[in-house]
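Analysis of the macromolecular model
Letter by letter, the chains look like this.
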Amino acid sequence: MLYERGNEFQILNQKAYSEQCKNLKADLSAAFPSLSADELSELIPNKEELNVVKIYAHKGDAVTLYVLHKNPLFFELEKQLYPTVYLLWRFPGLLPIFTTWSPVLQKLIGGADLMLPGVVVPSNGLPDVNRGGCCAVTVVNNRAPVAVGTAAVSTAEMHNLGMKGRGVCVLHTYMDNLWAFGDKSAPPSLPDPESEEQGPNGEESETEEKVEENVEKSVEEQHNPDQMVTDEVCSSVEELNLAEKGEQEDEEEEDQKTPQEIMDALLFQCFLHALKCKVKKSELPLLTSTFLRNHMFSCCPSGKQLDIKKSSYKKLSKFLHTMQQQYNLVRIKELTKGVESIVEVDWKNPELRSFNVPEDTACEAVPAQDGGEAEVQYCPPEITTLYSVSARVEPLFLDVNKRKGTILQPAEVRSIVTEYVKKNELVAENNKKITLFFRRTLGKMQECYQIVFPGQTPIIKKGHIEPIDISVASRGSNKKVTLIKNLEVYGLDPTVVSIALQHRVQASSVLQPIPGAKDKVLVQIQGNQIQQVSNLLIDNYQIPRKYIQGIDKAPKGGKKK
C-alpha cells in the first residue's frame, strides 16, 4: 500500500494553473465517463483554488495529488488517475465495488490487500472488472468506500480460481496517510439495500460464523504466499534449501510454481546469501543500490538471472521494506533525501542463521562482525552505442523486416543501407556517397546505448549515456570543492570512491543528494582535485576517458623558475 500508516512521505505543494485544471478535467472525463459536465465543474471549480501536491511516498513512488478545500480528491500514479475515499464518499458509484466484512477493514488499513475469501458476493454477482482495473472496497451495510485499488485478476478469473487468492491490490484506505492529509472525517453512513435484504436476526448467528471463517481464510492467504496465485514472498527459508530434500523434489516443486514465485524465491535466496557471505559490518551503512549491484547479483546461481522486475515486488525498495517488516532482517533508512541505505543487519536472526549457502554458488563465508578491509573487485561495464529505427527511416528497413523501435548495431545499419543502395542502384559501388548516406541515416535514427555489467543482464536505454561529471565549485570567500556525479551509472559506489579519494588526497569528503535524481548522490571533496579524481577513475577503475567530463578543467602546474 502506498500510504501505509507509520510511514512518512515528502510533499511539494503548488497552486494549479488554469491550463492544468483544463487538462485535468479532460483526463477525468476520459477516466470516469460516468461523471457529468456539472459534476466535473463541481469537482474542479473555475473560481476556486485547486492545489497540485507532489508526493514521494515511503516506498519511493512519485505521486501527484489534487487537493480542493484541503481534501485530496484524486491521486495520479504512473499516469493513471485514482479517486480518494473523500471523493468516493460524494460519488459512491464512481467505481466498481467489492464488499467485505468489517473485521477485514483493519487488515486493509494495516497494509494488506483484499483477498478473495474475504469478498462478500452479492445476489446479483460480482462487478465486471478487468485485471488492473480501478475499483473500490466497501464494508457490509455501508456503501461508503473505505479503500481504493486495482483488480489483481478479472472477474472471470476470480470465479475460475474458486474465489481464492488476491482480489484487490490496495493503494489507499480510510485512515492511511493520504486520508490523514485531508480533514480526517469518518465515512458517511450510506445504507446498502443489498445488505439489508439479507434477512432477519434469525440468520445472524450463522452469518457471524461465516464471517469469522472467511476473515481467517483471508488473513491466512495474506500471510501464506504458497496458497496464493500471485505470490508476494517465499513463505520460509526451508523452500530455499530444497537441495536437502533431493533434486527430484526440487524439479517437481519448480514446475508447480509460477515464474513470479520462482523469481521471488531466487530474490530471497540471493538476499540471505549476500547478507551471510558478502556484507560486512564495516560496510554499513550500505546504499541499497550498491547492495543489489555488488552483493546480490554475485550470489545468483550459475545459469540463472536475477531480475526484480519479474518478481512480485517490481522494485528493490519494496522488497527490502518487506524484508524489514516481515522478517526484521535489516533496517532501511533514508540517510540522504531520496536515497535509501541499509543501516543495520540482524546477524542473529533465525532466518539468516539457518540459511545454508547453495553448493552451486558457494562462497567463503566472511563473518560480518570481523570487519575486514577487503572490498569487492570492480570491473568496468562494457558500453556499446546502438541505434533505434525511427519513423523517418522506417521505409528504408522494411525490406529486412525491421520495424520502428528495432535496436540495431551500427554495423547492421551500414550493411542494410549498403544493400538498399545497391538494390535500388542509387550510386555506383564503392562510391563515397554510400558512407555519406550511412551517416545521414544514423543522424535520423534514435541513438541508444547498451551497458553490460559482468554477470548481469544487458541494459539498453535511449539517448546518450551520462558521463561522469567532475566540476569545481566555490564555497565561501576563497574555498573550492570538487563535485563528482553519475558514478552510479557506471556501477561505482559513491561511498567507496569517496573513501578512496580521502586516502589519496588527505582531504574530507561528503555525500550529498542530487535534487530530482532518485538513487543518485554527489561526492564532494575539499579543494580542486580534478586531476586526482580523473587519475583514480582512469587508472584504478579503468573508466575510458571519453566517459569522463571535466578533465580539461584540471589546474595546470606553472613552470618552475
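Residues numbered from 1 in each chain as written. Predicted model: local features only at pLDDT ≥ 70, side-chain atom pairs only at ≥ 80, totals over all residues. Heavy atoms only, no water.

Side note on the overall build of the chain
- In terms of helices and strands, the chain carries 18 helices and 23 strands.
- The buried share among the 561 residues of the chain stands at 46%.
- Residue pairs at least 24 apart in sequence account for 62% of intrachain contacts in the chain once pairs closer than 6 positions are excluded.
- Accessible surface for the chain amounts to roughly 30,300 Å². Of this, 47% is attributable to carbon and sulfur atoms. (Helix = DSSP H or I, 4+ residues; strand = E, 2+ residues; numbered from the N terminus. Buried < 20%, exposed > 50% of the residue type's maximum accessible area, 1.4 Å probe, protein only. Contact = heavy atoms within 4.5 Å. Areas by Shrake-Rupley, 256 points an atom, 1.4 Å probe, with all protein chains shown as cover.)

A closer look at the packing of helix α10 (residues 259-277) against helix α11 (residues 288-296)
- Their axes nearest at 10 Å, the elements α10 and α11 cross at an angle of 85°. As judged from the angle between their axes, α10 and α11 are roughly perpendicular. Counted together, Leu267, Cys270, Phe271, Ala274 and Leu275 of α10 and Phe291, His295 and Met296 of α11 form the full contact between these two elements.
- By residue class, the composition of the contact of α10 with α11 is seven nonpolar, one polar and no charged. (Axes fitted to C-alpha atoms, helices over the stretch in contact; angles between N-to-C directions. Parallel < 35°, antiparallel > 145°, perpendicular 65-115°, else oblique. Nonpolar A, V, L, I, M, F, W, Y, C, P; charged D, E, K, R; others polar.)

Quick word on α10
- Taking 1.5 Å as the rise per residue, α10 with 19 residues should run 27 Å; its terminal C-alpha atoms sit 26 Å apart, in good agreement.
- Most of α10 sits out of view: 15 of its 19 residues are buried. (Expected span 1.5 Å × (residues − 1).)

Quick look at helix α12 (residues 316-327)
- Compared with the 16 Å implied by 1.5 Å per residue over twelve residues, the 16 Å span of α12 between its first and last C-alpha is a close match.
- Here α12 lies mainly inside the structure; nine of its twelve residues are buried.
- Contact partners of the buried residues in α12: α10, α11, β13 (330-336), β14 (339-345) and α13 (350-353).

Details of the environment of methionine 158
- With respect to the helices and strands, methionine 158 occurs in helix α5 (residues 155-160).
- What makes methionine 158 buried here is its relative accessible area of 0%.
- Ignoring any residue separated from it by four or fewer positions in sequence, one finds methionine 158 in contact with Phe98, Leu116, Leu126, Val129, Val153, Met163 and Gly167.

Observations regarding the sheet that holds strand β16 (residues 407-408)
- Reading across from one edge, β16-β15-β17-β18 is the order of the four strands in this open sheet, with antiparallel pairing throughout. Two strands lie at the open edges of the sheet, namely β16 and β18 (459-462), each paired on one side alone.
- Where strand β15 (residues 382-388) and strand β17 (residues 446-452) come together, seven bridges link them in antiparallel fashion. Along β17, the bridge assignment pairs glutamate 382 with valine 452. (Pairing = 2+ DSSP bridges.)

Some remarks on the side chain of glutamate 340
- Residue placement: glutamate 340 occurs in strand β14.
- By relative accessible area, glutamate 340 is classed as buried at 12%.
- In this structure the side chain of glutamate 340 is engaged in a polar contact, spanning 3.0 Å, whose partner is the side chain of histidine 321. (Polar contact = N/O pair within 3.5 Å; in protein donor to acceptor, adjacent residues only side chain to side chain.)

Considerations on the sheet that holds strand β19 (residues 468-475)
- An order of β21-β22-β20-β19-β23 is seen for the five strands of this open sheet, with the pairing classed as mixed. Single-partner strands in this sheet number two, and they are β21 (509-513) and β23 (548-549).
- Bridging between strand β20 (residues 479-485) and strand β22 (residues 521-526) involves four bridges; their strand directions are antiparallel. Note on β22: the bridge partner recorded for threonine 482 is isoleucine 525.
- Against the sheet, helix α17 (residues 494-505) contacts β20, β21 and β22, and its axis sits at roughly 5° relative to β22.
- Packed onto the sheet, helix α18 (residues 530-540) meets β19, β20 and β23 and runs at close to 160° relative to β19.

Concerning unusual backbone geometry
- Backbone geometry places methionine 163, a non-glycine residue, at a positive phi of 55°.
- Tracing the chain through its elements places methionine 163 in the loop between α5 and β11 (166-173).
- On the basis of relative accessibility, which here comes to 17%, the residue methionine 163 falls in the buried class.
- The phi dihedral of asparagine 328 falls on the positive side, at around 55°, and the residue is not glycine.

Details of the environment of arginine 353
- Residue placement: arginine 353 occurs in helix α13.
- Residue class for arginine 353 comes out exposed when judged on its relative accessible area of 57%.
- Along the sequence, arginine 353 and leucine 272 sit 81 residues apart, while their C-alpha atoms lie 9.4 Å from each other.
- Apart from residues no more than four positions distant in its own chain, arginine 353 is found in contact with Lys276, Trp347 and Lys348.

Topic: the state of the cysteines
- Evaluation of the coordinates by the stated rule reveals zero disulfides.
- Its sulfur unpaired, cysteine 169 is 8.7 Å from the next cysteine sulfur, which belongs to cysteine 135.
- On the accessibility criterion, cysteine 169 (26% relative accessible area) is partly exposed.
- Take cysteine 270: it sits in no disulfide, and the sulfur closest to it among the cysteines is that of cysteine 300, at 4.7 Å.
- Residue classification places cysteine 270 among the buried residues on the basis of a relative accessible area of 0%. (Disulfide = S-S within 2.5 Å.)

Description of the packing of α17 against α18
- Axis separation between α17 and α18 bottoms out at 11 Å; the angle between their running directions is 120°. The angle between the axes of α17 and α18 places the two elements in the oblique class. Handedness of the crossing formed by α17 with α18: right-handed. Here α17 contributes Val497, Ala500, Leu501, Arg504 and Val505 to the contact with α18, which in turn contributes Gln532, Val533, Asn535, Leu536 and Asn540.
- For the contact of α17 with α18, a count of residues per class yields six nonpolar, three polar and one charged. (Left-handed = near helix turned anticlockwise from the far one by under 90°.)

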